Amino acid sequence: MLAIIAAFFPVGRILLATGFWLVTPGYLLERQVLAARPHWLFRIVLWNGLGLSIVPLLYLWITTVGAALSVSFLIAGAVGLTGVALRAAWHDLATVQVRPSATTWLLIGVLAIAAWLRAVQIADLALPAWVDPVHHALMVRVAAETGRAPWTLTPYLPVVEMPYHWGYHVLIAAAWHLGGGDLSAMLLWSGQLLNWLQGVVAAAFALLCWRRPLAAVIAATIVSCISWMPAYYVSWGRYTQLSGLLQLGALAISWQQWLHAEDRRERIGWLILSVAMIAGLSLVHMRMFIFSGALIVAQSIVWALPQSRHTIGTRAIQAVGAGLAAVALTAPWWVLLIRRILLPVVAGTQSLTESGSYVQLNLDLMWVEPNRWLVALALVSAAIGIARRQLATVVLLFWVGSLAVLTNPWLVSYLTPSIGLVALISGIVQRRWVMSSVGVLFLAINPATVRLPFLWLLPVDIVAISLFLPVSNMIGGGVALIWPNHRWWRIGGTLALTALTLWGAGQQRTIVNPVTVLATAADRAALTWIAEHTPPTARFLINAAPWLPGMARGADGGWWILPLTGRWTSTPPVLFIYGDASTVQAAQQRSQHIIDFGNGQPVDLSHLVATEQIDYIYTSPAGPLRPEHFAHHDGYEAVFARDGIVIYRVLANRQGSGAPTSGGRAVSETQFLRIGKLLLH
């Protein structure tokens, strides 16, 4: 009934369609392979992680065999899955006899506040913020139009076999087919749904580690309402990382359950789910794929400590088999990555290393309020966990430590001498010369002899903005360990937690950074006008601003012209860097001309307009191309104007006439004649 009511509203349809592909395939698979039903929190996270894996795997193999997923096939499949899922849910719910506990109601309350908060945070956004959503929108558009994985972006961009993760995009494309509506709204609301689900993941992960419901409530409260991450992700549009974090939590659950499962059928079932999510993670977010690998290694090492050699060997063989199965499931994707990334590295035309500010820790991200207090509480909780000999503490510390080493490889040269010294002493005492030799080798790897380079795939900032998951988990466990049993203390603690939740929610209502908001309501109206009143072949000169080395970004809503209307823009989405060298260089030069023009450097815009065959110029107060630069030149006609956004049409018979150079100066008569000759040619 709620679904039928929600379907009458555009936002409701978006949330229903996204939730359908997130939940339904995973629910049916989990129900099929597991005999015993795990905790309901675990199940929800598993469904989402599996949905984010199954749908991309389907697109992967459809693309590999040269077929395409049509809209009618997706709709028919959704109807069939709905019927099967409703029938299964009808039988499953008939067996539920558990009454919700007080902590369950408290968790539901926290998640309800978080849902309101995620809606409020985007209330004033006309379009998703910052850089990433622009190319996310383009990839979703391509996936929706082709019915395939968006490896190739033609005809919008000359990019073929793009080695950029795309699992999130195909799921949103499938949801867009079901929910319909505006693509930008689909990105915004589905992104906030993924953000809201981080609270559910945090709760399930804490329950997995500590087996205390209170730890789940505390972790969910921190992630949903107190910590600025992941709520701040909306300022960047980091929807792919949110998806990867959902899968990371689901994989942690399935891997832990597989390690501790005693029944053979249960072990096989959990291993099947783990294989599916390992495969899916490599399609959705490669960094989270590596992060989850570090987590399951930490879980495995801690689990193995009291086990026999035979048990460890058996599980190790099964784990290797699971990894090989995941690679086999995604073999076409790995072949593409090897061909486009690893082979150029071997040939010396590309590099996996990076330096400079890209790999340096941004302290503003690390210590964004209230991170100082949260990290301090996490350290105190870690001390409590160590004092209580909690294995969960060891797993979390091992995981965070391994992430620090992965993103700071130079730390290895400081760790190996300690390991080498222990091995050398142990070898001498036990007269094991092989161990002693290994110890000497490790001692030789030290800061004086080796300094490992940074990898561009693993910048340290990615760890900084992902710490909310282990930090909230550690705090939840620490609080649960010392939570008093006295009734009045528990009531007081509950009231304090509620007050803290409401305070945090109040602080986060306006969490979107205004600096990252590029588009306004006027930009949105301009995009609608462009879609309705310009030909599909129209070419737009738009504003540009510096971003990363070798890449410029748009400076206003004009950057959304390509993904939302399909029209060509002078500054394309940043995925253009995966094109051939000449195309990349041309795009960089176009954007740099606009940036130089804004900096007052001598730039002949008339020449740019003529050579690039520009039909329209998108101007705004937010960028170098401003309305006043073209208002008094008779070579341009204002065809749209609203709240500072003005679109000028380049007159066909005098294209480039009167175009300003830097500083707003008109071109000379000689320049005009030269432009005329270019047009004749």
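Residues numbered from 1 in each chain as written. Predicted model: local features only at pLDDT ≥ 70, side-chain atom pairs only at ≥ 80, totals over all residues. Heavy atoms only, no water.

Moving on to the pattern of salt bridges. Going through the model one piece at a time under the given rule, you end up with nine salt bridges. For R524, the salt bridge identified is with D182, shortest N-O distance 2.9 Å. Remark: D182 occurs in the loop between α7 (167–179) and α8 (183–210) and R524 occurs in helix α23 (residues 521–533); sequence separation between them is 342 residues. A salt bridge links R642 to D643; the shortest N-O distance between them is 3.9 Å. Assessed through its relative accessible area of 42%, R642 is described here as partly exposed. Each of the salt bridges in this network shares a partner with another, and the network as a whole consists of R539, R590 and E612. (Salt bridge = Lys/Arg side-chain N within 4 Å of Asp/Glu carboxyl O. Helix = DSSP H or I, 4+ residues; strand = E, 2+ residues; numbered from the N terminus. Buried < 20%, exposed > 50% of the residue type's maximum accessible area, 1.4 Å probe, protein only.)

Taking every second residue as pointing to the same face, both faces of strand β7 (residues 616–619) are buried, with Y616 and Y618 on one and I617 and T619 on the other. Here two bridges tie strand β3 (residues 539–541) to β7, and the two strands are oriented parallel to one another. Bridging from a neighbouring strand, F540 pairs with Y616 of β7. As paired elements, β7 and strand β9 (residues 645–650) share four bridges and run antiparallel to each other. Considered in β9, the bridge of Y618 is made with I647. (Pairing = 2+ DSSP bridges.)

Consider a sheet: its strands pair through backbone hydrogen bonds, and that pairing is either parallel or antiparallel. Taken in spatial order, the five strands line up as β6-β3-β7-β9-β8 in an open sheet, and their pairing is mixed. Two strands lie at the open edges of the sheet, namely β6 (568–569) and β8 (636–642), each paired on one side alone. In this structure, β8 lies alongside β9, joined through six bridges in antiparallel fashion. From the neighbouring strand, A638 faces β9, where its bridge partner is Y648.

So, about the packing of helix α16 (residues 371–387) against helix α21 (residues 468–482). The N-to-C vectors of α16 and α21 enclose an angle of 50°; their axes lie 8 Å apart at closest approach. As judged from the angle between their axes, α16 and α21 are oblique. In terms of crossing hand, the pair formed by α16 and α21 is left-handed. Here L374, L377, A378, S381, A382, I384 and G385 of α16 come into contact with α21, specifically with V471, M474, I475, G478, L481 and I482. Of the residues belonging to the contact of α16 with α21, the class tally is ten nonpolar, three polar and no charged. (Axes fitted to C-alpha atoms, helices over the stretch in contact; angles between N-to-C directions. Parallel < 35°, antiparallel > 145°, perpendicular 65-115°, else oblique. Left-handed = near helix turned anticlockwise from the far one by under 90°. Contact = heavy atoms within 4.5 Å. Nonpolar A, V, L, I, M, F, W, Y, C, P; charged D, E, K, R; others polar.)

Looking at the chain as a whole, its pLDDT mean stands at 90, while 96% of the residues score no less than 70. In this model, residues 663–681 is a region of pLDDT below 50 whose contacts with residues beyond four sequence positions or in other chains number 23 contacts. (pLDDT = per-residue confidence, 0-100.)

This part is about the packing of helix α2 (residues 10–33) against helix α11 (residues 264–284). At a minimum axis separation of 9 Å, α2 and α11 run at an interaxial angle of 155°. Overall, the two elements α2 and α11 adopt an arrangement that is roughly antiparallel. Taking contact as the criterion, the partners of L29, E30 and V33 in α2 are, on α11, G269, I272 and L273. Here the contact of α2 with α11 is built from residues that sort into four nonpolar, one polar and one charged.

With that settled, consider the nonpolar core. Counting 181 residues, the largest nonpolar core has W166 and W399 as its most contacted members. If you tally residues by element for this core, the top one is α8, at 18 residues. Core analysis: the second largest hydrophobic core is formed by 18 residues, V609, I614, L625 and V646 among them. (Core = buried A, V, L, I, M, F, W, Y, C linked by side-chain atoms within 4.5 Å.)

The subject of this paragraph is α16. Here α16 spans 24 Å end to end across 17 residues, near enough to the 24 Å set by a 1.5 Å rise per residue. Buried residues in α16 make contact with α9 (213–226), α15 (363–366), α17 (391–407) and α21. In the segment just after α16, R389 is the residue with positive phi, at about 60°. (Expected span 1.5 Å × (residues − 1).)

Applying the stated rule across the entire model yields 19 aromatic pairs. With a centroid separation of 6.0 Å and 40° between ring planes, the pair formed by Y233 and W236 is classed as tilted. For W236, a relative accessible area of 13% gives the class buried. The positively charged end of R315 is found above the aromatic ring belonging to W258, 5.3 Å away from the centroid. Here the basic side chain of R539 rests over the ring of W568, its NZ or CZ set 3.8 Å away from the ring centre. (Phe/Tyr/Trp six-rings, centres within 6.5 Å; stacked < 30°, edge-to-face > 60°. Lys NZ or Arg CZ within 6 Å of the ring centre and 35° of its normal.)

In this section: a nonpolar patch on the surface. Together, L2, I4, I5, F8 and F9 make up a nonpolar patch on the protein surface, roughly 640 Å² of accessible area in all. Looking at I4, the relative accessible area reads 57%, which means it is exposed. (Patch = residues over 30% accessible without salt bridge, like charges linked within 9 Å, V, L, I, M, F, W, Y side chains within 5 Å. Areas by Shrake-Rupley, 256 points an atom, 1.4 Å probe, with all protein chains shown as cover.)

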